[in-house]
Amino acid sequence: MPHSTAEELLTNVSGLAPELALQLAGHIDECRRLLGSGVDMDTVQQHLKDQDVPIIHAILITTRLLGEHPSELRAAREIVECSPARTLKTP
C-alpha cells in the first residue's frame, strides 16, 4: 500500500481493514489541506459530516489532525462531539 497515512493507520489501529485505512487516509489528507487553506476545525467537522463520515471515524481522523497534542484522543473526541456539525439539529 503506497499511501503513508494509510500505512500509519494500519500499523497503529488494531483490526483496521486496508480498504478502510485508505478511505480514512484520504479524508485525513483532505482535511489537512482544508486546515492548511485557513478554514477552522468546525468547518472541517462540517465537511466530514457532509461526507457522511461516522462519528467514530471523524474522531480517528481528528486525532491525526491534532498531531502531537498531549491528549489527542480526548481532544479529538471533544472537538467532534461538540462541533456544531454534530450538535445542531437541522430540519
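Everything that follows concerns the structure shown earlier in this document.
Definitions and cut-offs
- Residues numbered from 1 in each chain as written.
- Predicted model: local features only at pLDDT ≥ 70, side-chain atom pairs only at ≥ 80, totals over all residues.
- Heavy atoms only, no water.
- Helix = DSSP H or I, 4+ residues; strand = E, 2+ residues; numbered from the N terminus.
- Rg over C-alpha atoms; globule rule 2.2 N^0.38 Å.
- Buried < 20%, exposed > 50% of the residue type's maximum accessible area, 1.4 Å probe, protein only.
- Contact = heavy atoms within 4.5 Å.
- Areas by Shrake-Rupley, 256 points an atom, 1.4 Å probe, with all protein chains shown as cover.
- Lys, Arg positive; Asp, Glu negative; His and termini not counted.
- Charge placed at Lys NZ, Arg CZ, Asp CG, Glu CD.
- Core = buried A, V, L, I, M, F, W, Y, C linked by side-chain atoms within 4.5 Å.
- Arc of directions from axis to C-beta.
- Polar contact = N/O pair within 3.5 Å; in protein donor to acceptor, adjacent residues only side chain to side chain.
- Salt bridge = Lys/Arg side-chain N within 4 Å of Asp/Glu carboxyl O.

### A look at the overall build of the protein
So, point 1. Scanning the protein for helices and strands turns up 6 helices and 0 strands.
So, point 2. In sequence order, the secondary structure elements of the protein are arranged as α-α-α-α-α-α.
So, point 3. Against the 2.2 N^0.38 benchmark of 12 Å for 91 residues, the protein shows a C-alpha radius of gyration of 13 Å, consistent with a compact globule.
So, point 4. For the protein, the C-alpha atoms occupy an extent of roughly 40 × 30 × 25 Å along the three principal directions.
So, point 5. Relative to its full complement of 91 residues, the protein shows a buried share of 33%.
So, point 6. Once local pairs closer than 6 in sequence are excluded, the contacts in the protein between residues at least 24 apart make up 43%.
So, point 7. Accessible area for the protein stands at about 5,700 Å²; split by element, carbon and sulfur atoms hold 54% of it.
So, point 8. Side-chain charges in the protein split into 8 positive and 13 negative, and the spacing between the mean points of these groups amounts to 5 Å.

### Here we look at the nonpolar core
So, point 1. In this structure, Leu-9, Leu-24, Cys-31, Val-44, Leu-48, Ile-61 and Leu-65 are the most contacted members of the largest nonpolar core, which totals 19 residues.
So, point 2. Contributions of two or more residues to this core are made by helix H1 (4-12), helix H2 (18-36), helix H3 (41-50), helix H4 (55-66) and helix H5 (72-82).
So, point 3. Excluding residues within four positions of it along the chain, Leu-65 makes contact with Ile-28, Cys-31, Arg-32, Leu-35, Met-41 and Val-44.

### Regarding H3
So, point 1. Those residues of H3 that sit buried are Met-41, Val-44, Gln-45, His-47 and Leu-48. Mapping the buried residues of H3 onto a view down its axis gives an arc of 155°, with all of them on the same face.
So, point 2. Tucked inside the fold, the buried residues of H3 contact H2, H4, H5 and helix H6 (84-87).
So, point 3. Phi turns positive one or two residues past the end of H3, at Asp-52, with a value near 60°.

### Focus: the environment of Thr-63
So, point 1. Topologically, Thr-63 is positioned in helix H4.
So, point 2. For Thr-63, a relative accessible area of 5% gives the class buried.
So, point 3. Note: C-alpha distance between Thr-63 and Ile-28 (35 residues apart in sequence) is 9.6 Å.
So, point 4. Ignoring any residue separated from it by four or fewer positions in sequence, one finds Thr-63 in contact with Glu-72, Leu-73 and Ala-76.
So, point 5. At 2.9 Å, the side chain of Thr-63 and the side chain of Arg-64 are in polar contact.

### A closer look at the pattern of salt bridges
So, point 1. Using the criterion set out here, one finds 3 salt bridges in the structure.
So, point 2. In this structure, the salt-bridge partner of Arg-32 is Asp-29, at a minimum N-O distance of 3.9 Å. You can see Arg-32 and its partner Asp-29 sitting in helix H2, 3 residues apart, about one turn around the helix.
So, point 3. Under the relative-accessibility criterion, Arg-32 is labelled partly exposed at 39%.
So, point 4. For Glu-81, the salt bridge identified is with Arg-77, shortest N-O distance 2.9 Å. With a gap of 4 residues between them, Glu-81 and Arg-77 both fall in helix H5, about one helical turn apart.
So, point 5. Arg-77 gets classed as partly exposed once you look at its relative accessible area, which sits at 48%.

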